[in-house]
Amino acid sequence: MGTPSPWTVLALAAALVGLSAPRAAYGQPNFIVILADDVGWGDLGANWAETKETPHLDELAAEGMRFVDFHSAASTCSPSRASLLTGRLGARNGVTHNFAITSVGGLPLNETTLAEVLREAGYSTGAIGKWHLGHHGRHHPSFRGFDYYFGIPYSHDMGCTDTPGYNLPPCPPCPRHGAAARVARKDCYTEVALPLFENVTIVQQPVNLSSLAARYAEEAARFIRWASDSGRPFFLYLALAHMHVPLGVPPPPPTSGRGIYGAALGEMDALVGQIKRVADSHGKGNTLLWFAGDNGPWAQKCELAGRLGPFLGAWQRQRGGSSAKQTTWEGGHRVPALAYWPGRIPAKQTSRALLSTLDIFPTLVALAGAALPPNRRFDGLDVSPVLFGWSDVGHKVLLHPNSGAAGKAGEIETLRLAQYKAFYTTGGAMACDGSIGPAEHHQPPLIFDLDRDIQEQEPLAVASREYQAVLPAISRAYAQALEDIATDNVSVADYFKDPAATPCCNAQHVACRCQAPGSHAAMLDRRTERRATWLCL
């Protein structure tokens, strides 16, 4: 008797859960959260007129709501994703910097994910794409509330592939012989191939990057169809590989305006358009689609990095370093964001409310008719009044944690109060020219008025009347925020590393290969591929 497919197992599990779970309330909406990686605010045509590669995202903006003051909860991968899925900053949920391929831990197990809350409320839950919140043991997404998982356990530059794509500097393909594995370059993972998981099994190692986007689209569509046919509401978390390097796209024509990056941006846009069409075909009007970025562009990748738009962080750039990803300048955390829900979210709307990826958790929980987990505090807000056009008021205060460029990772040393932004610590990440802006501590803080100075070029003069008028309110807000975190139920993530935690389907093969070296992953028959799976926990 053959091994049942993951979808057969999932259908059986859903039927059993349906017998015991609370019956879904009438009218519970479906949720699709699409998280783009390293995308710039200016990479959206609706935000920045120079961008021409995003017609589907621009259509989404025209048919829904565009947020122009929307922020990621951190400026690097793992902390940003942990905050989206918990509604809590890394200072509370414990995830303050990125996990490694050898990480034993992940998002602390006492933290409750959005998927866990929604599954308890009767939802089918699926995660497709990059996880980066722990892959070892019970930190794997299959144990964090998701009925189905298909994707990679961390960023796709954290393992070699046979189709390396475009990166700066470029990395070699996976070695095919033992001697080649010793040839390494800094920042390139030549020892272990990038794995592709379906639930808890590795179905491909190394991943074929050139077909990964198509595989994600296929599995997302399959999940939406399956969940719709089951009669239960669904939550799909789709964490794209785009626009993180390496960019796995074919060479664009010479006439292409933005070259490799533009081609990859167009591919991402087409993928989002495909997901929207599938969602619309399975109950248009009952699905909220929320698109956002996980942090700003990775500036050190030069022409393979995205557009900041007007958020240049000019004060920092004058002193060296990047003001994008890993920093607390606007370019590091102000991201493109759109929400689409026909009949519920008004079309052609632009919101200037101060919002964050932190708000996704409490908003979806409220819309599902569920309750927030007890015994902890949340940094996100239920912003459904903004979504429905009833209000344009978001956060009064928004905190921006250190994310690698300066200061201790995860600590809060930058905050926003209305249009004012205060820095107690500044620093620049590595820029395209190789420069790094040194960390500087500011007491009293640097304060910028973003209404007048969106480029963050000239802080208010300390002696000015405006600075003296706003400083007491900023100081109070900062002190209250730190006190609130210090008295909360705070988690601590385990960042211990052990090579044994590295996902590897066959340690006897060079780079942990799971398939014949000459095979072409894009041509693999799905049934054959699924028979050749390896348990990895």
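Scroll up a little and you will see the structure.
Being a predicted model, the structure only gives us computed values, none of them experimental.

Criteria and thresholds
Residues numbered from 1 in each chain as written. Predicted model: local features only at pLDDT ≥ 70, side-chain atom pairs only at ≥ 80, totals over all residues. Heavy atoms only, no water. Helix = DSSP H or I, 4+ residues; strand = E, 2+ residues; numbered from the N terminus. Buried < 20%, exposed > 50% of the residue type's maximum accessible area, 1.4 Å probe, protein only. Areas by Shrake-Rupley, 256 points an atom, 1.4 Å probe, with all protein chains shown as cover. Core = buried A, V, L, I, M, F, W, Y, C linked by side-chain atoms within 4.5 Å. Contact = heavy atoms within 4.5 Å. Disulfide = S-S within 2.5 Å. Axes fitted to C-alpha atoms, helices over the stretch in contact; angles between N-to-C directions. Parallel < 35°, antiparallel > 145°, perpendicular 65-115°, else oblique. Left-handed = near helix turned anticlockwise from the far one by under 90°. Nonpolar A, V, L, I, M, F, W, Y, C, P; charged D, E, K, R; others polar. Phe/Tyr/Trp six-rings, centres within 6.5 Å; stacked < 30°, edge-to-face > 60°. Lys NZ or Arg CZ within 6 Å of the ring centre and 35° of its normal. Salt bridge = Lys/Arg side-chain N within 4 Å of Asp/Glu carboxyl O. Pairing = 2+ DSSP bridges.

Attention shifts here to the overall build of the protein chain. If you tally the helices and strands in the protein chain, you get 13 helices and 17 strands. Counting every position in the protein chain, which comprises 537 residues, the buried fraction comes to 59%. When the accessible surface of the protein chain is split by element, carbon and sulfur atoms take 56% of a total near 20,500 Å².

The subject of this paragraph is the nonpolar core. Counting 55 residues, the largest nonpolar core has Ile32, Ile34, Met268 and Phe291 as the members making the most contacts within it. Elements with a minimum of two residues in this core: strand E1 (30-36), helix H2 (55-63), strand E5 (148-151), helix H6 (209-230), strand E8 (234-239), helix H7 (259-281), strand E9 (287-293) and strand E10 (337-340). No other element matches H6, which puts eleven residues into this core. When residues no more than four places from it in sequence are discounted, the contact partners of phenylalanine 291 are Ile34, Ala36, Leu57, Met268, Val272, Pro336, Ala337 and Leu338.

A separate point is the state of the cysteines. Per the stated rule, a full pass over the model turns up five disulfides. Two residues share a disulfide in this structure: cysteine 160 and cysteine 174, whose sulfurs sit 2.1 Å from each other. Taking the sign of the torsion about the S-S bond as the criterion, the disulfide between cysteine 160 and cysteine 174, at about 105°, is right-handed. Remark: cysteine 174 occurs in the loop between E5 and strand E6 (196-198) and cysteine 160 occurs in the loop between E5 and E6; sequence separation between them is 14 residues. Each member of the pair cysteine 160 and cysteine 174 is classed as buried. Between cysteine 504 and cysteine 512 runs a disulfide, and the two sulfur atoms are separated by 2.0 Å. Its S-S torsion of about -100° marks the bond between cysteine 504 and cysteine 512 as left-handed, since a negative value means left-handed. Indicated for the protein chain is the disulfide connectivity 1-3, 2-4, 5-6, 7-9, 8-10, based on numbering the bonded cysteines in sequence order.

Put simply, H6 and H7 touch, their axes get as near as 10 Å, and they point 10° apart. Relative to H7, H6 is oriented roughly parallel. Here H6 runs over H7; the crossing is right-handed. Along the contact surface, H6 presents Ala213, Ala217, Ala220, Ala221 and Ile224, while H7 presents Glu267, Leu271, Gln274, Ile275 and Val278. Grouping the amino acids of the contact of H6 with H7 by side-chain chemistry returns eight nonpolar, one polar and one charged.

Taken across its eight residues, helix H10 (residues 360-367) has seven buried, putting it largely inside the fold. Those residues of H10 lying buried are Ile360, Phe361, Pro362, Thr363, Leu364, Val365 and Leu367. Taken from the residues just after H10, glycine 369 is the one with a positive phi, measuring 75°.

In this description, an aromatic ring pair is defined by two values, namely the gap between the centres and the angle between the planes. Enumeration over the complete set of coordinates arrives at 20 aromatic pairs. When the ring of phenylalanine 99 is compared with that of tyrosine 495, the centres are 4.6 Å apart and the planes differ by 15°; the resulting orientation is stacked. In this pair, phenylalanine 99 is assigned in the loop between helix H4 (90-93) and helix H5 (114-120) and tyrosine 495 in the loop between helix H12 (465-486) and helix H13 (526-531), connecting sequence segments 396 residues apart. The aromatic ring of tryptophan 341 is capped on one face by arginine 344, whose charged end is 4.6 Å from the ring centroid.

With that settled, the discussion passes to the pattern of salt bridges. Using the criterion set out here, one finds 24 salt bridges in the structure. One salt bridge in this structure joins arginine 92 and aspartate 379, with 2.9 Å as the shortest N-O distance. Placement of arginine 92 in helix H4 and of aspartate 379 in the loop between H10 and helix H11 (384-387) is noted, with a sequence separation of 287 residues between them. Judged by relative accessible area, arginine 92 falls into the buried class, the value being 3%. For arginine 176, the salt bridge is made with aspartate 162, and the minimal N-O distance between the two is 3.7 Å. Highlighted residues: arginine 176 in the loop between E5 and E6 and aspartate 162 in the loop between E5 and E6, separated in sequence by 14 residues.

Moving on, we come to the packing of H2 against H7. For the pair H2 and H7, the least separation of the axes is 7 Å and the interaxial angle reads 45°. Classified by the angle their axes make, H2 and H7 are oblique. When H2 is examined against H7, the residues Pro55, His56, Leu57, Glu59, Leu60 and Glu63 are found in contact with a partner set consisting of Met268, Asp269, Ala270, Val272, Gly273, Lys276 and Arg277.

Let us now look at the sheet that holds strand E13 (residues 397-401). In sheet architecture, strand pairing relies on hydrogen bonds along the backbone and comes in two forms, parallel and antiparallel. Reading across from one edge, E13-E14-E15-E16 is the order of the four strands in this open sheet, with antiparallel pairing throughout. Only two strands of the sheet have a single neighbouring strand rather than two, namely E13 and strand E16 (440-449). For this sheet, the mean angle separating the axes of adjacent strands, direction not counted, is 20°. Summarising the sheet, strand E15 (residues 420-426) and E16 pair through six bridges and their orientation is antiparallel.

Read these as spatial facts, not as claims about activity.
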